[in-house]
Amino acid sequence: MTLSRREFMIAGAAAAAGLALRSKPVYACVYGHTGRGGYGHGLDTCFNFLENMHTVAVADPDEKGLAAAMKRLGLTKGYPSLAEMLDKENAHMVSIGPRFAERKLEYISVAAKKGVSVYMEKPIAASLEEADAIVDVAEKAGIQIVVAHHVRLCPQVLHLKKMVDEGLIGQLLEIRTRGKEDQRAGGEDMMVLGTHCMYLMRFFGGDPLWCTARVTQDGRDITAADKRAASEPLGPVAGDTIDASFAFPKAVMGHFASHKVPKGEGGRFQITLHGSKGVAQFAIGQDPKVTYLLDPLWTQGKAAEWKPLPDAPSNDHMVGVKGTDACNARIVYELLKIRGTKDRSPVDIYEARSTLEMIMAVYAAHLSGARATFPLKDRKHPLGSL
């Protein structure tokens, strides 16, 4: 069998990773908080899939949740706090699972004090001010942080980027994304699901230049006084409908929307790339399946139909896991690669901060009635505090 260059590179990376892990064991800990964000999307089992990695302990302030996690992970060591666990265990890395935005700076500070690198759930913080503080703590301690931006490393998404760059749909003109548009439509949808939309737009479009936006509640433009707490601790959110536009290099425009719609009529959680020759799209999830249409009208007709991406690779991981587990294995591997270095990763804390900055820019642009230019000078939350 003859390997393509891409397959050869993947196989080589896998072999290198295997050799590195076999030569030196890596010890990991898990932190979650049952009832306060839990363990995110599989961040309790994220270290289970790569050879010579060992999960040694779990911490959870909830007594019943801790017992359940210990049983689920097959562990004999459990702790009531992250600090106690990292104080007593000689860990190289830790997963911080709670999906809420609260206390992330505190968690990172505890890990940094022990020199432990981190895989954390998004969102990373409730404001850019806090995200900046997290980056500062990590840099001073010399630890690396990666974030659960699951879709960013999916093989079909990487392959789509290559094919778009090679002209699959012609010149890229615009990128359109939508949130899940369920009961969280608007500000909460943007903070939770919109994170995936923002980093995917960055991947295909580059660093955004500026943003314009409109945020409404019950059909009227919001003010800062419309801020509210979300259904989960995420910092202030506002609006039940959001439309935001981002300017990218090479005259590419990107759009994010989340609209309040009748119950059961949401579900447009996707990204669509519009080009001069056609369009490509995929639903945002842990196993994205890309399709494309070669029609400059972007509409299926007699001479054009939606087709699977040519030579599309599987999103399953080389170690034999699928879906969320495959996404987590890829991101843990990223942390293994950059841990102890100053190297960057597509899913690192800097990329996560830039993604959060796009979300904050939506509020900043709407409230100012003008473009919000990147980088944002005011790092406080545009809506203020709760």
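Preceding this paragraph is the structure being described.
Residues numbered from 1 in each chain as written. Predicted model: local features only at pLDDT ≥ 70, side-chain atom pairs only at ≥ 80, totals over all residues. Heavy atoms only, no water.

1. Here we look at the overall build of the chain
- Counting its regular elements, the chain contains ten helices and 18 strands.
- Taking the principal axes of its C-alpha atoms as reference, the chain extends roughly 65 × 60 × 40 Å.
- Within the chain, the fraction of its 386 residues that count as buried is 54%.
- Split by element, the accessible area of the chain, about 17,200 Å² in all, is 52% carbon and sulfur. (Helix = DSSP H or I, 4+ residues; strand = E, 2+ residues; numbered from the N terminus. Buried < 20%, exposed > 50% of the residue type's maximum accessible area, 1.4 Å probe, protein only. Areas by Shrake-Rupley, 256 points an atom, 1.4 Å probe, with all protein chains shown as cover.)

2. Observations regarding helix α9 (residues 323–338)
- The end-to-end C-alpha distance of α9, which contains 16 residues, comes to 23 Å, matching closely the 22 Å that a straight helix rising 1.5 Å per residue would cover.
- Most of α9 sits out of view: twelve of its 16 residues are buried.
- Burial in α9 covers these residues: Gly323, Ala326, Cys327, Asn328, Ala329, Arg330, Ile331, Val332, Glu334, Leu335, Leu336 and Ile338.
- Note on α9: the residue one or two positions beyond its end, Gly340, has a positive phi of about 80°. (Expected span 1.5 Å × (residues − 1).)

3. Looking at the sheet that holds strand β6 (residues 145–147)
- Spatially, six strands are ordered β3-β2-β1-β4-β5-β6 in an open sheet, and the strand pairing comes out parallel. Edge positions in the open sheet fall to β3 (78–79) and β6, since each of these has one partner strand only.
- In this sheet, β6 lies alongside strand β5 (residues 117–120) in parallel orientation, the contact comprising three bridges. By the bridge assignment for β6, Met120 is matched with Val147. (Pairing = 2+ DSSP bridges.)

4. Things to note about the packing of helix α6 (residues 155–165) against helix α8 (residues 194–205)
- Where α6 contacts α8, the two axes come as close as 10 Å, and the packing angle between them is 35°. For the pair formed by α6 and α8, the contact residues are Val157, Leu158, Leu160 and Lys161 on the first element and Leu200, Phe203 and Phe204 on the second.
- Split into classes, the residues belonging to the contact of α6 with α8 amount to six nonpolar, no polar and one charged. (Axes fitted to C-alpha atoms, helices over the stretch in contact; angles between N-to-C directions. Contact = heavy atoms within 4.5 Å. Nonpolar A, V, L, I, M, F, W, Y, C, P; charged D, E, K, R; others polar.)

5. Quick look at the packing of helix α5 (residues 128–141) against helix α10 (residues 349–368)
- Interaxial distance between α5 and α10 falls to 10 Å at its minimum, and their mutual angle equals 170°. Put simply, α5 runs roughly antiparallel to α10. Here α5 contributes Leu128, Ala131, Asp132, Ile134, Val135 and Glu139 to the contact with α10, which in turn contributes Ile349, Tyr350, Arg353, Leu356, Glu357 and Met360.
- Grouping the amino acids of the contact of α5 with α10 by side-chain chemistry returns eight nonpolar, no polar and four charged. (Parallel < 35°, antiparallel > 145°, perpendicular 65-115°, else oblique.)

6. Quick notes on the packing of aromatic side chains
- Enumeration over the complete set of coordinates arrives at three aromatic pairs.
- Geometrically, the ring pair formed by Tyr31 and Tyr107 is tilted, given 5.1 Å between the ring centres and 55° between the ring planes. One end of the pair, Tyr31, is in strand β1 (residues 26–31); the other, Tyr107, is in helix α4 (residues 104–113), and 76 residues separate them in sequence. The two residues Tyr31 and Tyr107 agree in class, both being buried.
- Ring centres of Phe246 and Phe374 lie 6.4 Å apart, and the angle between their planes is 25°; on these two criteria the pair is classed as stacked. Here Phe246 is found in strand β12 (residues 241–247), whereas its partner Phe374 is found in the segment after β18 (372–373), with 128 residues between them in sequence. Per residue, the accessibility class of Phe246 equals that of Phe374, and both read buried.
- It is Arg72 that lies over the ring of Tyr39; its NZ or CZ is 5.2 Å from the centre.
- Seen from the ring of Trp210, Arg371 lies directly overhead, with NZ or CZ sitting 3.7 Å from the centre. (Phe/Tyr/Trp six-rings, centres within 6.5 Å; stacked < 30°, edge-to-face > 60°. Lys NZ or Arg CZ within 6 Å of the ring centre and 35° of its normal.)

7. Comments concerning unusual backbone geometry
- Of note, the amide linkage connecting Lys122 to Pro123 takes the cis form, showing an omega dihedral of -5°.
- Position of Pro123 relative to the elements: it lies in the loop between β5 and α5.
- Within the chain, Arg103 stands out as a residue other than glycine whose phi angle is a positive 65°.
- Note on placement: Arg103 falls in the loop between β4 (93–96) and α4.
- Non-glycine residue Glu181 carries a positive phi angle of around 55°.
- As for its position among the elements, Glu181 is in the loop between β7 (172–178) and α7 (187–192).

8. Notes on the environment of Pro249
- Mapped onto the elements, Pro249 comes out in the loop between β12 and β13 (253–258).
- Distance from Pro249 to Val116, taken between C-alpha atoms, is 37 Å for residues 133 residues apart in sequence.
- Ignoring sequence-local partners within four residues, the contact set of Pro249 consists of Gly205, Asp207 and Leu209.

9. Overview of the environment of Ala326
- Locating Ala326 in the fold gives a position in helix α9.
- On a C-alpha basis, the gap between Ala326 and Ile242 in space is 32 Å, while along the polypeptide they are 84 residues apart.
- Dropping the residues within four chain positions of it, Ala326 is found in contact with Asn315, Asp316, His317 and Val321.

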